[in-house]
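Residues per chain, in single letters:
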Amino acid sequence: MGKPSKDKRDIYYRKAKEEGWRARSAFKLLQIDEKFEIFKDVTKAVDLCAAPGSWSQVLSRKLYLKEENLTPNSTSNSAIVPAQPNENVKIVAVDLQPMAALPGVTQLQGDITQYSTAQAIIQEFDGTQADLVVCDGAPDVTGMHSLDIYIQGQLLLSALHIAFNVLKLGGTFVAKIFRGKDSDLLVAQLQLFFEKVWIVKPRSSRNSSIEAFVVCKNYKPKEGFDPTQLTPYLNNLF
Ligand SMILES: C[S@@+](CC[C@H](N)C(=O)[O-])C[C@H]1O[C@@H](n2cnc3c(N)ncnc32)[C@H](O)[C@@H]1O
């Protein structure tokens, strides 16, 4: 018998199976929340590049189903205590790919680099605003480092465009990045819009991966900032 694949030997892969998460990525979001309390007082959230849906599952279980004892270290479902669903919660999940339905999650299928997708998300909020926008978007990696970082950058720009249009003042933005030589510049640019910005690598993110996450808290753009200024860049992306 051959060796099991690297994924199957991975502790988070096994924990994800045991606890019913669609992907091991769930632990990245749970660990970011453990450190930065990104779910505190959140009732409206957007999950960009959401398929197969483990981050949406976290949002659904934490915010809508209000499951208690759902921690990055929980080892079995028996510890989870579901309460009454919170019907005030709105979660919008978007991906190129369809994904199976989740309680309390509205799904949109679309390309986040397209203006029409941004518009559809904005319309979902119908004049209200989101407390949290998360994006775990990743292109198919080519292995050409600079190209991969560039395409990831375009996803980040598209996610920011959506965040700038739907986030409330004081809101939180979390997105995957590929770490490169311009990470410090990225932090400096994000600090123009958010009071606090960190780059973090959750312990469940593989050391071999160049991925990391920006965590941006307290959305506070300069007075007079018009989020539609970014819009012209969208349709020219790829
Ligand atoms: C790493 S997976 C996301 C995993 C997800 N957070 C989870 O926990 O299940 C990256 C996703 O990005 C999506 N994606 C890549 N480019 C996209 C785009 N332009 N618009 C929408 N989704 C995109 C892919 O379809 C893929 O499902």
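Residues numbered from 1 in each chain as written. Predicted model: local features only at pLDDT ≥ 70, side-chain atom pairs only at ≥ 80, totals over all residues.

An unreviewed UniProt entry lists the protein under the name Putative tRNA (cytidine(32)/guanosine(34)-2'-O)-methyltransferase, with Popillia japonica given as the organism. On record in UniProt, under Catalytic activity (unreviewed entry), the comment for the protein is "cytidine(32)/guanosine(34) in tRNA + 2 S-adenosyl-L-methionine = 2'-O-methylcytidine(32)/2'-O-methylguanosine(34) in tRNA + 2 S-adenosyl-L-homocysteine + 2 H(+)". As recorded by UniProt, the Sequence similarities (unreviewed entry) comment attached to the protein reads in full: "Belongs to the class I-like SAM-binding methyltransferase superfamily. RNA methyltransferase RlmE family. TRM7 subfamily." (UniProt positions renumbered as here; feature names shortened; annotations may be inferred.)

Turning to the pairing of strand 1 (residues 44-48), a few remarks are in order. Across the five residues that make up strand 1, a large majority, five, are buried. Residues of strand 1 alternate between two faces, with K44, V46 and L48 on one and A45 and D47 on the opposite face, all of them buried. Here strand 1 pairs with strand 2 (residues 90-95) via five bridges, running parallel. Bridge pairing links L48 to V94 in strand 2. (Buried ≥ 20, exposed ≤ 12 C-beta atoms within 10 Å, placed from the backbone. Helix = DSSP H or I, 4+ residues; strand = E, 2+ residues; numbered from the N terminus. Pairing = 2+ DSSP bridges.)

This part is about the sheet that holds strand 3 (residues 105-109). Taken together, the seven strands give an open sheet; going across it, the order is 3-2-1-4-5-7-6, and neighbouring strands pair in mixed fashion. The open sheet terminates on both sides in strands that have one partner only, identified here as strand 3 and strand 6 (194-200). The average undirected angle you get between the axes of adjacent strands in this sheet is 15°. Pairing of strand 6 with strand 7 (residues 211-219) involves six bridges; the strand directions are antiparallel. Bridge pairing links V200 to F213 in strand 7. Docked against the sheet, helix 6 (residues 145-166) engages strand 1, strand 4 (130-135) and strand 5 (167-178), running at close to 170° with respect to strand 5. (Axes fitted to C-alpha atoms, helices over the stretch in contact; angles between N-to-C directions. Contact = placed C-beta atoms within 7 Å.)

Moving on, we come to helix 5 (residues 115-125). Of the residues making up helix 5, those classed as buried are T117, A118 and I121. For helix 5, the angular spread of the buried residues around the axis is 100°, confining them to a single face. Exposed residues pointing more than 90 degrees away from the buried face of helix 5 are listed as S116 and Q123. One or two residues past the end of helix 5 sits D126, with phi positive at roughly 45°. (Arc of directions from axis to C-beta.)

The next thing to look at is the site of the ligand. Taken together, 21 residues lie around the ligand, and S25, C49, A51, S54 and D136 are the ones closest in. Looking at the shell around the ligand, its residues break down into 11 nonpolar, six polar and four charged. (Near = placed C-beta within 6 Å. Nonpolar A, V, L, I, M, F, W, Y, C, P; charged D, E, K, R; others polar.)

So, on to helix 3 (residues 26-36). Burial runs high along helix 3: eight of the 11 residues are buried. Backbone geometry just downstream of helix 3 places E37 in the positive-phi region, at approximately 50°.

A separate point is unusual backbone geometry. Between A51 and P52 the backbone carries a cis peptide bond, its omega angle lying at 5°. Take P52: it is sitting in the loop between strand 1 and helix 4 (54-64). For E37, which is not glycine, the phi torsion reads 50° and is therefore positive. By secondary structure assignment, the location of E37 is in the loop between helix 3 and strand 1. The exposed category is assigned to E37, around which 12 C-beta atoms lie within 10 Å.

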